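One-letter residues, chain by chain:
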Amino acid sequence: MTTRALAICYRSAPAGVEVLLVRSRRGWWTIPGGRIDPGETPEVAAVRELHEEAGVVAAIVVTPITYVCVIKNVGDLLRPRASRTPVFLVRAGGSGTTDEGWRNPTWFSPSDARVALEKDRIRWAARWRLAALDAAVATLAPWQKD
């Protein structure tokens with residue numbers, strides 16, 4: 001059973017496509033997402049988490065673009081099926097404010113997002129984030145100028 005959902009949020013910019021990252025509690029850049037609440041679909045959870053963490057109102061692509069194995073703690077290693085997390089590509093439809101201002105939502109070019117996600121992380125901690133970003137970039141490639 002999947003317990004989390006991720007949202008790679010994108011927008012068109014003059015220089016090409018940009019993706020949105022937020023800060024984790026430890027101050028590292030990460031992809032918006034989180035736990036799926038009881039009775040919620042993964043798609044709805046991804047959009048809700050995106051709004052909570054970044055203040056973005058979004059339109060969603062219903063089908064996940066990929067699945068990643070999110071390992072955030074030792075318990076995730078013991079529940080590999082639970083850590084199989086769908087990644088949704090979401091187009092930003094507007095933005096508002098977030099109650100989690102410490103998250104500092106910021107738009108990056110895909111190449112700069114890759115650097116930010118890798119910075120100061122051990123390899124296994126960055127791997128699933130990079131896999132999610134790479135799937136989004138591959139899907140967005142026809143529109144990307146980066």
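Everything discussed here concerns the structure shown above.
Anyway, here's the lowdown on the structure attached to this text. Everything numeric in this text was worked out from a predicted model, so none of it was measured.

Criteria and thresholds
Residues numbered from 1 in each chain as written. Predicted model: local features only at pLDDT ≥ 70, side-chain atom pairs only at ≥ 80, totals over all residues. Heavy atoms only, no water. Helix = DSSP H or I, 4+ residues; strand = E, 2+ residues; numbered from the N terminus. Buried < 20%, exposed > 50% of the residue type's maximum accessible area, 1.4 Å probe, protein only. Pairing = 2+ DSSP bridges. Core = buried A, V, L, I, M, F, W, Y, C linked by side-chain atoms within 4.5 Å. Contact = heavy atoms within 4.5 Å. Expected span 1.5 Å × (residues − 1).

Attention now moves to unusual backbone geometry. Of note in the backbone geometry, Asn-104 takes a positive phi value of approximately 50° without being a glycine. Tracing the sequence through the fold places Asn-104 in the loop between β7 (84-95) and β8 (106-108). Residue classification places Asn-104 among the partly exposed positions, given a relative accessible area of 39%. Here the phi dihedral of Asp-120 falls at roughly 65°; this positive angle occurs in a residue that is not glycine. Tracing the backbone through its elements, the reader meets Asp-120 in the loop between α3 (110-118) and α4 (123-140).

A word on the pairing of β7. The side chains of a regular strand alternate between the sheet's two faces. Both strand β1 (residues 4-13) and β7 contribute to a ladder of five bridges, which runs parallel. Within the sheet, the bridge partner assigned to Cys-9 lies in β7 and is Val-90. As judged from the five bridges shared by strand β5 (residues 56-60) and β7, these two strands associate in the antiparallel manner. By the bridge assignment, Val-56 is partnered in β7 with Ser-95. Across four bridges, the pairing between strand β6 (residues 66-69) and β7 is antiparallel. If you follow Thr-66 over to β7, its bridge partner there is Val-87.

Counting 23 residues, the largest nonpolar core has Leu-6, Ile-8, Leu-21, Ile-31 and Val-68 as the members making the most contacts within it. Elements represented by at least two residues in this core include exactly β1, β2 (16-23), β7, α3 and α4. In terms of residue count, α4 provides more of this core than any other element does, seven residues in total. Ignoring anything within four residues of it in the chain, the contact list for Ile-31 reads Leu-6, Ala-7, Ile-8, Leu-21, Glu-53, Leu-117, Arg-129 and Ala-132.

Moving on, we get to α4. Look at α4: 25 Å from first C-alpha to last across 18 residues, which is about the 26 Å you get at 1.5 Å a residue. Listing the buried residues of α4 in full gives Ala-125, Ala-126, Trp-128, Arg-129, Leu-130, Ala-132, Leu-133, Ala-135, Ala-136 and Leu-140. Where the residues of α4 are buried, they touch β1, β2, β3 (29-30), β6, β7 and α3.

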